[in-house]
Structure formats: C-alpha cells, structure tokens
Amino acid sequence: MLFYVLLFLGIISLWWHWKARDRMKVTNLTGKYIFITGCDTGFGNMAAKIFDKKGFRVFASCLTETGAKELKAVTSKQLQTVLLDVRDSDSVKKAAAWVKAEVQSEGLWGLVNNAGILGPSAPTDWLDIEHFREPIEVNLIGLINVTINMLPLIKKAKGRIVNVSSVGGRLAFSGGGYFPSKFGVEGFNDSLRRDMKAFGVKVCCIQPGLFKTALTNPTQIMKEKEVIWNKLSPDIKKQYGEEYFWKDAAKKEKLSKICLNKDISPVVQCMEHALTSLHPRTHYVVGQDAKLFWNPLSRMPAVIQDFLLLRNRVGLAASHAKLGQPLCSDTGDNWRRQLMSTWRYRLSLQMSPQNLSLSDSLHIAILASILSLLIYWLIRDSHRVRNLSGKHVFVTDCDTGLGKSLAKWLDKRGFCVIAACATEKGGRELWSCSSLSLKTVNLNLADSTSIARAVVFVTAETAGKGLFGLVSNAEGTALVAPTDWLRIEDFHAVLDVSLLGLIEITLKLLPLLKKAEGRVVNLINAKGLTAFLGGGYSLSKWGMEAFSDILRIEMQHFGVKVSIVEHGFLKAAVVNSDAIERDLLRLWNRLTPEIRDSYGEKYFVEYIKAQRSSVKRLCDSDISKVIKCMEHALIAKYPRTRYRAGWDAKFFWLFLSYAPSCLSDRLLCMMFPAPAASGRSVPGVLINI
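Our subject in this report is the structure included herewith. Being a predicted model, the structure only gives us computed values, none of them experimental. (Residues numbered from 1 in each chain as written. Predicted model: local features only at pLDDT ≥ 70, side-chain atom pairs only at ≥ 80, totals over all residues. Heavy atoms only, no water.)

## Topic: the packing of helix α11 (residues 288-298) against helix α12 (residues 302-310)
Taken N-terminus to C-terminus, the directions of α11 and α12 make an angle of 140 degrees; their axes are 9 Å apart at the nearest point. Viewed along their axes, α11 and α12 adopt a mutual orientation that is oblique. Two secondary-structure elements touch here, α11 through Trp294, Leu297 and Ser298 and α12 through Ile304, Gln305, Leu308 and Leu309. In the contact of α11 with α12, the residues fall into five nonpolar, two polar and no charged. (Axes fitted to C-alpha atoms, helices over the stretch in contact; angles between N-to-C directions. Helix = DSSP H or I, 4+ residues; strand = E, 2+ residues; numbered from the N terminus. Parallel < 35°, antiparallel > 145°, perpendicular 65-115°, else oblique. Contact = heavy atoms within 4.5 Å. Nonpolar A, V, L, I, M, F, W, Y, C, P; charged D, E, K, R; others polar.)

Written as structure tokens, this is what we have:
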C-alpha cells in the first residue's frame, strides 16, 4: 500500500513541477521584434493583432496589398506590414533584408511560420503532379526558405521559431500535397530544433486540428474538387461511380460539423505561449478533435488507422464486387476453420469448471487467443501470390546499391523487370549481368519530360497487361549538415527528386498498377522515422511516408497494395568518404565568418573524424535483409503495410520516433559534436549519413 501512495505522490509532484515550469515567462519582452507570415486572414491575422496589443513590434507579411491595408487599419502604428510570397526566393530575400535593417543589432526575437495553403483535396488518382507541387512549395519549401533567411537574426537574439504544422503532419487521411508538405514541416521542425538548441534558439511546432479559416472553407474545397472531377477521364469516373462526388461532399460536410473548431483563438494562445514562455513546449496539439481523435489515432497501428478512416469514406462502384470476395482461397479458409475449431474444442475442455478455477481459465483463454492470433498471422504472412512468372515490375534508381541488387534478384525470380537508371552507363552495366527479359530505361526523376518518356516505355512493354509492381527507390547522395550551413537550393535539389519525382512517377503509373491490381513499394530509411540531421533528405522521406499512407488507404478499393520498407543505415554501395568530406568542406568554406565562428574550427574537425569512423563501423554491408523485405512486399498475398529492416530501425529509430521529444533530443545531441557557442567541450559520436 505504501508503494502505491509513494507512486501517486511522485506523479502529483512531477505534474505540479511541470505546471509550475510551464507557467514561467520571459521578462522584458515589450518592444521585441516578431515576424509573422500569412497575415491576410486566419491564424496569422489574429496573431498579428494580439501581439501588437501586447507590445511586440510586429512585422506582418501578407500576400496581397488588400490584406496588408486591412490589417494596418485595425492595428497600431508600431505594426508594420510587408508583401511576401514565400514561393518567390527574391521576395523572401528582400523581406529578410528589410527586417535586418529594422532590427539592426537587436536581432529577431520570434519567427512565426504560418503561411500555408490547402491545395486540392481529392483521391490521388484524380490528381497530377502540379496539384502536389503547389502545397509543397508553399507549406514546406517556402517555410524553409523564410527560416534560413531569418535564422542569423534569430540566433543573434537567441529567439524563438514557431512552425504552424497540422494534425495532418502526423496522420495523412486525404489525397493531395497538403499532407506530404506538413509531414515535411514536422521533419524540418525536429531537425531544426536539435540543430539550434546549442545556440539558445527554441523551436516549437503547433499542430492544430480542423479550425474554421479560409483554408478550410468547405464551399471552396468542393468547387476545386468539382473542377478536377469534371476533367477526369470516363474510365476513372466509371470506377468511382457518378454518385461518388455528391455522396463524398455530404460525408465531408457532416464530418466538418462534428470536428470543425470555430474559435481559432486557442491556436494564437499557443503561439503566444511558445514566444513568451521561459520553457516552451516542443509540440502544441490544439483543438478537441486533435487531442481526442487525430493525435491518438496517429500513434496507433496502421490496421486500426485504415479501419477507422475507411469507415468515413464513400464506397466505390468498382470496389463492390471485390469487397464481397473472400480474402483467401477455399483451402486457406478450410485450414483456418479447422484451426479455430480445434482451439475452441481444446479451450472448452480447459475451461470446464471441473478442471480449473475461473482465474486460471481466464489466463489460459488470453494465452490461447494470443497464440491463435500469432499462428494466424504467421500463416497469413506466408501466403504467396501464384503465377508471378512474367509479371512486370518497375524499379527506380537501379544504377547502384539497393535498386540494382533488387533488379537482378527479381530478374532471377522470373519477373519481367524494367529497371530505371539515371545514366546510360548504369543501364549497360545492369543489362550485361542480367537475362534478356530485363529491360532498362533512362530516368531523371527531377525532369517531367524524362518521367513521361519512361511511362510511355513501360506502357509499351506491359502491352495491356498492366504493371504488377512499382518499387520507388531514390537513395542518391544528398547534402546533410546543420540547417544554417545550407541554402534553399540544397533543399530543392533533394525534394525535386526524392519527393516530387517519386510522387510524379507513381501518379503516372497508377492506371497500369490498377489494371494489374499490383503493388507499390516505397523504400524509406530511418530518416523517415526520426529527423536528426539538417537537409532535404529527411524531409523527403517524411513526405513519402504521408504519400504512402494516403495511397494505401485510397487504393485498397482497387486491389492495389502499398507497402513501406523502413531500413536502418546500410552500405548500399561503396561509400566514398572523400566525396562526403569534399561536400562538407565546400559547405564549410561558403559559410559566413559569423556562422563559422559560432561553430568553431574544432567542430568541423570532429565532424569529419566522426564521418570517417562511422563509415567503417556503423554501416551494415548486408543489404539482403532489405531485398527480402521488398521481395516479400511484391510476392506475398497479404503484404505488410510496413517492413523494418535492420536492428537499428526496429529497436532504436522506431523507439526514438515514439519517445518524448526531451528524451530523443538528448540522445541524439549526445551523438553530435558541440558547437563552440554551446559551451560544451566534449565531442559527440556521429552516425553515418
């Protein structure tokens, strides 16, 4: 009894300490400078008005002159407005230069990245790449661009960065570019928070639920959706059914009435807390729907997420027949029935009152149920698709590494492999060591014309049979370094290939995949679980997680199965340490003296040393575990939604992704060298990137 009393008192003490710490405020904030994006309407507009009344010197950026004039008319003379289009790098640079001239040596206390758009929200096979590109350029790339340009001013003031994300940054439940962009914002926020901790800059993320703003105007959303519906081909309209559009509109209206929060002030209150609290939270979940439904659901297994989200979707005309079909063959059903009947018979004997007490019987029933589920899962997981010989599979990035190894392995298994290579040399080398059935095609994922040519080639090769498998793999070398070492072009170069490029090739090949009721396998490494280094690579993997989740839910009706392979760190090809060091040295040499001094020469030396040792010690040279996962996703009758290959992916990165931010930040910061500005003298141990 004493133990429980002490435990209760300990919990109460921790809660009281947290509440007291949460209420502590920064003093002397009057006159501090704050820059807010997206102030025409919604959260940004209200935040600008409230912070102006509280004595902050607010720089409110608006997209339109009308929005700027209306805001200026209802605020004090201290508030200043500036026109800003976050998609335009020149506009961002001009705004940053103007802010620098205004704040001078004081620096910028707060940056609130609020600007964003929803973009078209519709099933994925209704959309083209431009429907994804615009939300990603505004919500993700624009946010990164503003942050990078304002970062020196924020570091000078040891200020705050507040990124307005969404519950859609944790759980993807509708097609379009909004959810991949918000997943990317979450990844950028996490890596930036860890990068800036040493400099006294605190980075917070706000995750609002569904709030009534111009962004969530149901009339506007349905108008955009209707325009897309009217442009669809007759085949797709037939698959969905003519009544789908209006039934879906009715469901969305009903959902918005239940979930939509009309009062947007709680979001602004969270912004205020993040800017004024001595110890701001890393994440703010805002809205009853976000706290009670979306956030808990984001932490549940995919099978539960899919079940609940599909209940709120309209049935498709093309799916009625398929949904009525049994999930297994007759033999499988008979085997399962025999297994369950055997278990029921044995349980009936065990549970008889003459043999066991009620407590023992309950324990045995629970154990038997768990064991039955385990056996059922193992049997189900072992089922294979028949007659795979001659099926067509398209694999990207086959010049080297995982893509090349998978292409050769599938070729030996009898698949008709179409291997996409970035270079002609890579294609020739692969073709020379494979059978005649393997075909190669040049593909540049950053070029829409190249993607279109590859799709024409695949369409001709499949000859009306459809495409059974698409393996999306983009594991090329990308710049990864502290965020303030990078420029927006460095992020663009990666996101154009590893996110937008992979989305575009998937969209173009969806009709062929639906025809064959095929498979989509997206290869995502540990950076899709935890963003711990700056650069666009982690963000692209977070975005692909969102896109894969949306695609999996939407394509179930058409018999297309979507899987994600999340692997740890692998030596997929010969790691060129010299090339890595050359890239880091190039980044280091282009830094301003101010940034270089803040890190110190010792930091760079320790960074390079850690790179060399990690390449030798931490990279797993056995890539067969990843190949086996990709193979299972293609040939299993019931592929898993997620595969985790490598002990680090299963036991470390997965744990960190669910761990509290305070714990994950502490563990990851221990692995990195400390900048000179932090005052820490002990270098960390870097992981290979």
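Additional details are given in the paragraphs that follow.
## What about the sheet that holds strand β14 (residues 642-645)?
Spatially, seven strands are ordered β10-β9-β8-β11-β12-β13-β14 in an open sheet, and the strand pairing comes out parallel. Strands at the two margins of the open sheet, each flanked by one partner only, are β10 (439-442) and β14. Each neighbouring strand pair of the sheet contributes to a mean axis angle of 20 degrees, computed without reference to strand direction. Lying on the sheet, helix α24 (residues 624-635) is in contact with β8 (392-395), β11 (469-472), β12 (519-525), β13 (561-567) and β14; it crosses β12 at an angle near 155 degrees. (Pairing = 2+ DSSP bridges.)

## What to know about the packing of aromatic side chains
The full count for this structure, using the stated rule, is 27 aromatic pairs. With a centroid separation of 5.1 Å and an interplanar angle of 65 degrees, the aromatic rings of phenylalanine 59 and tryptophan 98 are classed as edge-to-face. Here phenylalanine 59, found in strand β2 (residues 57-62), pairs with tryptophan 98, found in helix α4 (residues 89-103); they are 39 residues apart in sequence, far enough to count as distant. The class for tryptophan 98 is partly exposed, based on a relative accessible area of 23%. Taken together, Trp126, Trp229, Tyr240, Tyr244, Phe245, Trp246 and Phe558 form an aromatic cluster joined through their ring pairs. Just above the ring of tyrosine 638 sits the side chain of arginine 380; from NZ or CZ to the centre is 4.0 Å. Over the ring of phenylalanine 558 we find lysine 514; its NZ or CZ atom is 4.2 Å from the centre of that ring. (Phe/Tyr/Trp six-rings, centres within 6.5 Å; stacked < 30°, edge-to-face > 60°. Buried < 20%, exposed > 50% of the residue type's maximum accessible area, 1.4 Å probe, protein only. Lys NZ or Arg CZ within 6 Å of the ring centre and 35° of its normal.)

## Digging into the pattern of salt bridges
Applying the stated criterion across every chain yields a total of 26 salt bridges. Arginine 170 is paired through a salt bridge with glutamate 186; the nearest N and O atoms lie 3.8 Å apart. Separated by 16 residues along the polypeptide, arginine 170 in the loop between β5 (160-164) and α6 (178-196) and glutamate 186 in helix α6 bring together distant segments of the chain. The class for glutamate 186 is buried, based on a relative accessible area of 0%. The closest approach of N and O atoms between arginine 193 and aspartate 665, which form a salt bridge, is 2.7 Å. Separated by 472 residues along the polypeptide, arginine 193 in helix α6 and aspartate 665 in helix α26 (residues 661-669) bring together distant segments of the chain. In the salt-bridge network here, residues are joined through shared partners; they are Asp306, Glu545, Asp549, Arg552, Glu566, Arg642 and Arg644. (Salt bridge = Lys/Arg side-chain N within 4 Å of Asp/Glu carboxyl O.)

## Description of a nonpolar patch on the surface
A grouping of Met1, Leu2, Val5, Leu6, Phe8, Leu9 and Ile12 is seen on the molecular surface, where their side chains present a nonpolar patch of about 760 Å² in accessible area. Residue position: methionine 1 is located in the segment before α1 (2-22). (Patch = residues over 30% accessible without salt bridge, like charges linked within 9 Å, V, L, I, M, F, W, Y side chains within 5 Å. Areas by Shrake-Rupley, 256 points an atom, 1.4 Å probe, with all protein chains shown as cover.)

Remember, this is a structural readout, not a statement about activity or role.
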